[in-house]
Each structure stands twice: as C-alpha cells, then as structure tokens.
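Close look at the chain arrangement
Chain by chain, the residues:
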Amino acid sequence: PPAGDLTFDTWLPNQDDAVQGMIESHTSGLKSALQRERDARKSFENQLKDAIKAADDGSELQQQLQAMSNANEELTQKTAAYEAFAVAGISNFKLAWLAASEMGAIDKKGNVNLESLRTSYPELFGTKRAGAPAGNAGSGTGGQPPKSFSMNDAIRSAGKR
C-alpha cells in the first residue's frame, strides 16, 4: 500500500509466516494476560453486586459498596473508551474522555459515539474546524515572521546600534 496508508494491520498480512509467527507468539502472552484481567474484573463486579444485595437496605455498608461499584463501573467505561480512542487515532485520551462524558457520547459499557465526538470536537482527531483562521508565528503581531534568520543577521543588526 502507499506509504500514507501503511498501518500495522495492512503491513502484517504481507509478511512471511516466520514474521507473523514471531509477532503472534510475542503478543499471545499479552492477550491472555489482558483476558485474565478482564475476567477477574468481571468476577469482582459480580461479587460486589452480591455483597450490595446482601447488605441491609440503606446501611452505611451498602452505601460504601455502591460507591465502590460505581467507581469500578466508571473505570470499566473509561478503559473501554480509551481503547476506542486509540483505534480512532485520538492522542489525548483524557481530554477525549472529558469531552465525550460532557456530551453524553459514552454508554454504560464504555462504547463511544465517535461520530458525534468527531462532529463536536474535530480537533481531537487532528483535523481543524471549518472556518478556523490559519495561524503562524507572526499572528497577532501585525506582520509575518521573518523568512529566514541566522546568527549572522543577529550580529549585524546588533552592530548597527
């Protein structure tokens, strides 16, 4: 593919079986560790829900457990959203999370409505807003920046004083 369209997903299928095998063996441990972590988190969520049900209604313990459950749910949402942000090419995950949360573009599972986020905040995706003025180093000074500037120019201008 052309150099501008080159991604890992387009590069890998074009490699020989030895390279693909090395990459798969290298990443298989990471994938299994990630799956074990997700399974452990899901088990913890279920245990927490059972503990909330077992606690007396309105008790302080139930309120604390509910707060823990809410924090865990938000962390799960944030993790899923960050994965979606990475795939979409967003580099500032925290800013994207804040923007998506503010506009309600994240569901309970952490799925992000990337199209509405792209429409409202295109700068997160590396694109400029339509109608935004072009800027440069001389913006706001009433002039343009010098085309070239060297140390010789600085010495000469200082010598004229």
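For the structure given in this document, a descriptive report is provided here.

Thresholds applied
- Residues numbered from 1 in each chain as written.
- Predicted model: local features only at pLDDT ≥ 70, side-chain atom pairs only at ≥ 80, totals over all residues.
- Heavy atoms only, no water.
- Patch = residues over 30% accessible without salt bridge, like charges linked within 9 Å, V, L, I, M, F, W, Y side chains within 5 Å.
- Areas by Shrake-Rupley, 256 points an atom, 1.4 Å probe, with all protein chains shown as cover.
- Salt bridge = Lys/Arg side-chain N within 4 Å of Asp/Glu carboxyl O.
- Helix = DSSP H or I, 4+ residues; strand = E, 2+ residues; numbered from the N terminus.
- Buried < 20%, exposed > 50% of the residue type's maximum accessible area, 1.4 Å probe, protein only.
- Expected span 1.5 Å × (residues − 1).
- Bend = angle between axes of the 7 residues up to and from the residue.
- Contact = heavy atoms within 4.5 Å.
- Axes fitted to C-alpha atoms, helices over the stretch in contact; angles between N-to-C directions.
- Parallel < 35°, antiparallel > 145°, perpendicular 65-115°, else oblique.
- Left-handed = near helix turned anticlockwise from the far one by under 90°.
- Nonpolar A, V, L, I, M, F, W, Y, C, P; charged D, E, K, R; others polar.

**Section: a nonpolar patch on the surface**
Together, L6, F8 and W11 give the surface a local cluster of nonpolar side chains, amounting to about 290 Å² of exposed area. Of note, L6 is situated in the segment before helix 1 (8–11).

**Side note on the environment of L95**
Structurally, the position occupied by L95 is in helix 4 (residues 93–103). Since its relative accessible area comes to 44%, L95 is described here as partly exposed. In this structure the C-alpha to C-alpha distance between L95 and L124, which are 29 residues apart in sequence, comes to 8.1 Å.

**Considering helix 2 (residues 17–54)**
The α-helix winds at 3.6 residues per turn, so residues separated by three or four positions along the chain end up facing the same way. Over its 38 residues, helix 2 extends 54 Å from the first C-alpha to the last, a length consistent with the 56 Å expected when each residue adds 1.5 Å. The largest bend along helix 2 measures about 30° and falls at T27. Buried within helix 2 are the following residues: E45, L48 and I52. Packed against the buried residues of helix 2 are helix 3 (60–88).

**Focus: the packing of helix 2 against helix 3**
Two elements in contact, helix 2 and helix 3, have axes separated by 9 Å at closest approach and are oriented at 155°. Classified by the angle between their axes, helix 2 and helix 3 sit roughly antiparallel to one another. Between helix 2 and helix 3 the crossing geometry is left-handed. Two secondary-structure elements touch here, helix 2 through R38, R41, F44, E45, L48, A51 and I52 and helix 3 through Q62, L65, Q66, M68, S69, N72, L75, T76, T79 and E83. Within the contact of helix 2 with helix 3, the residues separate by chemical class into seven nonpolar, six polar and four charged.

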